[in-house]
Amino acid sequence: MKAIITVVGKDKSGIVAGVSGKIAELGLNIDDISQTVLDEYFTMMAIVSSDKKQDFTYLRNEFEAFGQTLNVKINIQSAAIFEAMYNI
């Protein structure tokens, strides 16, 4: 299973640490990560994977709730969606 996680919100310390900790807690591995600050806003994109099949509804709910604790928006999507879009 491969997925893409995006994080957007007002910049503050601890966002990367918090999100990467949540990723590990959910049994996902970070394969690649990129982050930047645009003006005052933090943006991050990570490609994550797992050897196990994951329930995306559960993951979305977990990341959405966790994002609220950091005051950021966290989204997760299956990488298969992107692969399908670009193979048409």
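Just above, that's the structure.
Most peptide bonds take the trans configuration, and most residues that are not glycine carry a negative phi. Of note, Asp-39 is a non-glycine position whose phi angle comes to about 60°, a positive value. Its location among the elements puts Asp-39 in the loop between β2 (29-38) and β3 (41-49). Here the phi dihedral of Asn-71 falls at roughly 60°; this positive angle occurs in a residue that is not glycine. Note on placement: Asn-71 falls in the loop between α2 (56-70) and β4 (72-78). For Asn-71, a relative accessible area of 60% corresponds to the exposed category.

With that settled, the discussion passes to helix α1 (residues 15-25). Looking at α1, one finds that the buried residues are Ile-15, Gly-18, Val-19, Lys-22 and Ile-23. Buried residues of α1 fall within an arc of 135° about the axis and therefore sit on the same side. Those residues of α1 that are exposed and aimed more than 90 degrees away from the buried face are Ala-17, Ala-24 and Glu-25. Those residues of α1 that are buried lie in contact with β1 (2-10), β2, β3, α2 and β4. Phi turns positive, to about 80°, at Gly-27, one or two residues after α1.

What holds strands together in a sheet is hydrogen bonding between their backbones, with the strands either parallel or antiparallel. Strand order across the open sheet formed by four strands is β2-β3-β1-β4, with antiparallel pairing between neighbours. In this open sheet, the two strands that pair with only one neighbour each are β2 and β4. Across the sheet, the mean angle separating the axes of adjacent strands is 15° when strand polarity is ignored. Looking at chain direction, β2 and β3 are connected through nine bridges and run antiparallel.

Remark: the centre distance and the inter-plane angle together describe each pair of aromatic rings, the angle taken between the planes. Enumeration according to the criterion identifies zero aromatic pairs in this entry. The lysine or arginine in question, Lys-10, covers the ring of Tyr-41, its NZ or CZ lying 5.8 Å from the ring centre.

A word on the nonpolar core. Counting residues in hydrophobic clusters, the biggest one holds 19 residues, and the most contacted among them are Ile-5, Val-7, Val-19, Leu-28, Phe-63 and Ile-76. Mapped by element, the contributors of at least two residues to this core are β1, α1, β3, α2 and β4. Not counting residues within four places of it along the chain, the set of residues in contact with Val-7 comprises Ile-15, Val-19, Phe-42, Thr-43, Met-44, Val-72, Lys-73 and Ile-74.

What counts, and where the lines are drawn
- Residues numbered from 1 in each chain as written.
- Predicted model: local features only at pLDDT ≥ 70, side-chain atom pairs only at ≥ 80, totals over all residues.
- Heavy atoms only, no water.
- Helix = DSSP H or I, 4+ residues; strand = E, 2+ residues; numbered from the N terminus.
- Buried < 20%, exposed > 50% of the residue type's maximum accessible area, 1.4 Å probe, protein only.
- Arc of directions from axis to C-beta.
- Contact = heavy atoms within 4.5 Å.
- Pairing = 2+ DSSP bridges.
- Axes fitted to C-alpha atoms, helices over the stretch in contact; angles between N-to-C directions.
- Phe/Tyr/Trp six-rings, centres within 6.5 Å; stacked < 30°, edge-to-face > 60°.
- Lys NZ or Arg CZ within 6 Å of the ring centre and 35° of its normal.
- Core = buried A, V, L, I, M, F, W, Y, C linked by side-chain atoms within 4.5 Å.

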